[in-house]
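Listed here are the chains, written in short residue letters.
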Amino acid sequence: MPGQSCKIRIETGRTILGAASMIEQLGGPLYLLYDNAVKPLAGSLSARLEIKAAKGVEGGEGVKTLASAEEIAGFLLDAGAGREATLIVMGGGAVCDAGAFTASIYKRGIKFVLIPTTLLAQVDAAIGGKTAVNSRGIKNPLGTFALPEFTYICPEPLATLPSEQWRSGAAELLKTLLLRGSGYEEAVELLAAELARAGAAPEHEHLHELIIRAAHIKAEIVSEDFLDTGARRLLNLGHTFGHAIEALALEKGAPILHGEAVAIGMLLSARIAGGPFAGQLKADLQRLGLPTECPFTQEELLPLIRQDKKAECGKIRFILLHGPGRIEEVSIEPRLPLSHE
Ligand SMILES: NC(=O)c1ccc[n+]([C@@H]2O[C@H](COP(=O)([O-])OP(=O)(O)OC[C@H]3O[C@@H](n4cnc5c(N)ncnc54)[C@H](O)[C@@H]3O)[C@@H](O)[C@H]2O)c1
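Note that the coordinates shown come from a computational prediction; the quantities given were computed from them, not determined experimentally.

Description of the overall build of the chain
Scanning the chain for helices and strands turns up twelve helices and eleven strands. In terms of C-alpha radius of gyration, the chain reaches 20 Å, essentially the compact-globule figure of 20 Å for 341 residues. With respect to the three principal axes, the spread of C-alpha positions in the chain is 60 × 45 × 40 Å. In the chain, which comprises 341 residues, the proportion classed as buried is 43%. By sequence separation, contacts in the chain at least 24 residues apart represent 71% of the contacts at least 6 residues apart.

What follows is the structure in structure tokens.
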């Protein structure tokens, strides 16, 4: 099945209630799993739809365990959900991952809809059909490939998003726009304005449009390579170093946000590529309050990078960033100094 292609459906609207009629059209009994952080929005959707049963869970990494997947499955069983059921999953990336994982294994797979409520989940976690839970301190070793009926993106939930979550998602939004080029500069301007407004709902229709554009770019890339054997690697821009930085920070007891690690990773990709873009990117990331200095030495990071699942025959695939829309995939040997061969 290498490189299998797929069709990804993304729907958009202004408010959560905009998803209601699309969900109704799916037919069959509806069940709702929501992130407690967006309980009022879950309540308004429940009031509009005929929901058989609803369950709230605490968002964040704690929900991504086999134990909580079993708890969610238990909720479905207790509520009598059969194979014709649809599970609506509303929340941040963690709840989307855990809810989608459970739906994909419950009775060998039931339909599900994702309503991402963080910026990161809207541009990344809820797009692409990867579901997962964590195990033994490792991120995402247990998971499935399973696509939702559709992902519904609207600006309403972002109104309550704390600024650190805005920043984390901002790094992924910029990463995806950088892959294709257009929209990057506008996104920096609009995100800077949103962050200055300290977590209010996106004021600019245009930012919502850029979020949707990024979701479609990810969907487009994933569609060509659903099972992650080729083109999907582009999405790893900034992640080779990013994952290593995130893991090391966690190990040292000073965890950093995924988006912060990706920001540093993207800048390293631009620096290794050489050229003037690294300077601009550094200034842009700083404007958004994202870190630009790597807190670790290359000696500390390289062992983790070598262990990375993407290392093949001693070489790793690495995405160089020359500028917006100018990326290059290279195969390099991770050694000091990390160089572009
Ligand atoms: N499946 C994939 O392809 C994929 C891709 C990228 C990331 N992910 C996963 O996504 C997860 C990270 O997602 P995230 O950044 O959304 O973090 P998260 O889901 O941990 O959410 C962060 C916090 O924000 C809260 N929250 C959610 N919506 C909110 C809202 N509207 N207002 C206020 N608070 C809200 C959550 O309860 C949580 O406390 C990670 O587990 C990561 O592995 C998956």
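Focus on the nonpolar core
A general feature of soluble globular proteins is that nonpolar side chains tend to end up buried together. Ranked by internal contacts, the top residues of the largest apolar core, which has 93 residues, are V89 and L173. In this structure L173 touches L119, V123, A187, L210, I211 and A214, once residues within four positions along its chain are discounted.

Observations concerning the domain arrangement of the chain
As assigned here, the chain comprises domain 1 (1-234) and domain 2 (237-332). One C-alpha centre belongs to domain 1, the other to domain 2; they are set 25 Å apart. Every contact between the two is made by 20 residues of domain 1 and, on the other side, 21 residues of domain 2. No other element matches helix α6 (residues 163-180), which puts eleven residues into the side of domain 1 that touches domain 2.

A look at the site of the ligand
In the region of the ligand, 28 residues are neighbours, and G59, G92, G93, A94 and T118 sit closest. For the shell around the ligand, the secondary-structure elements that each account for two or more residues are α4 (93-105), α5 (119-125), β7 (138-145) and α6. Classifying every residue of the shell around the ligand by side-chain character gives nine nonpolar, twelve polar and seven charged.

Points about the pairing of β7
Summarising the sheet, strand β6 (residues 130-135) and β7 pair through five bridges and their orientation is antiparallel. Bridging across to β7, T131 finds its partner in T144. The antiparallel pairing of β6 with β7 creates a hairpin that spans two residues between the two strands, and R136 there sits at a positive phi of about 50°.

Considering unusual backbone geometry
You will see that R108, though not glycine, has its phi angle at about 65°, which is positive. Looking at where R108 falls in the secondary structure, it is placed in the loop between α4 and β5 (111-116). Not every positive phi belongs to a glycine, and N140 is a case in point at roughly 60°. Inspection of the secondary structure assignment puts N140 in strand β7. The exposure class assigned to N140 is partly exposed, which follows from the 14 C-beta atoms found within 10 Å.

Thoughts on the packing of α6 against helix α10 (residues 258-273)
Closest axis-to-axis distance for the α6/α10 pair is 7 Å, and the angle between their directions is 40°. As far as their axial angle goes, α10 and α6 are oblique. Considering how the two elements wind past one another, α6 and α10 form a crossing that is left-handed. When α6 is examined against α10, the residues R167, S168, G169, A170, A171, E172 and K175 are found in contact with a partner set consisting of H258, G259, E260, V262, A263 and M266. Considered class by class, the residues forming the contact of α6 with α10 number five nonpolar, four polar and four charged.

Quick notes on α4
Within an α-helix, residues lying three or four positions from one another point in the same direction, as the helix has 3.6 residues per turn. Relative to the 18 Å expected for 13 residues at 1.5 Å per residue, α4 spans 18 Å between its end C-alpha atoms, a close match to the ideal helical length. Along α4, twelve of the 13 residues are buried, which leaves the element largely enclosed by surrounding structure. When we look at burial in α4, the residues that qualify are G93, A94, V95, C96, D97, A98, G99, A100, F101, T102, A103 and S104. K107 occupies a position one or two residues after α4 and carries a positive phi of about 50°.

Let's talk about the packing of α6 against helix α8 (residues 205-224)
Two numbers describe how α6 lies on α8: the axes approach to 9 Å, and their chain directions differ by 65°. Crossing of α6 against α8: the hand is left-handed. Taking contact as the criterion, the partners of L173, T176, L177, L179 and R180 in α6 are, on α8, L210, I211, A214, I217 and K218. By residue class, the composition of the contact of α6 with α8 is seven nonpolar, one polar and two charged.

Description of α10
End to end, α10 covers 22 Å across 16 residues, agreeing with the expected 22 Å (1.5 Å per residue, within 8%). Burial analysis of α10 places 14 of its 16 residues in the buried class, the great majority of the element. The first or second residue beyond α10 is G274, which carries a positive phi of 75°.

Analysis parameters
Residues numbered from 1 in each chain as written. Predicted model: local features only at pLDDT ≥ 70, side-chain atom pairs only at ≥ 80, totals over all residues. Helix = DSSP H or I, 4+ residues; strand = E, 2+ residues; numbered from the N terminus. Rg over C-alpha atoms; globule rule 2.2 N^0.38 Å. Buried ≥ 20, exposed ≤ 12 C-beta atoms within 10 Å, placed from the backbone. Contact = placed C-beta atoms within 7 Å. Core = buried A, V, L, I, M, F, W, Y, C linked by C-beta atoms within 7 Å. Domains from an automatic or database assignment. Near = placed C-beta within 6 Å. Nonpolar A, V, L, I, M, F, W, Y, C, P; charged D, E, K, R; others polar. Pairing = 2+ DSSP bridges. Axes fitted to C-alpha atoms, helices over the stretch in contact; angles between N-to-C directions. Parallel < 35°, antiparallel > 145°, perpendicular 65-115°, else oblique. Left-handed = near helix turned anticlockwise from the far one by under 90°. Expected span 1.5 Å × (residues − 1).

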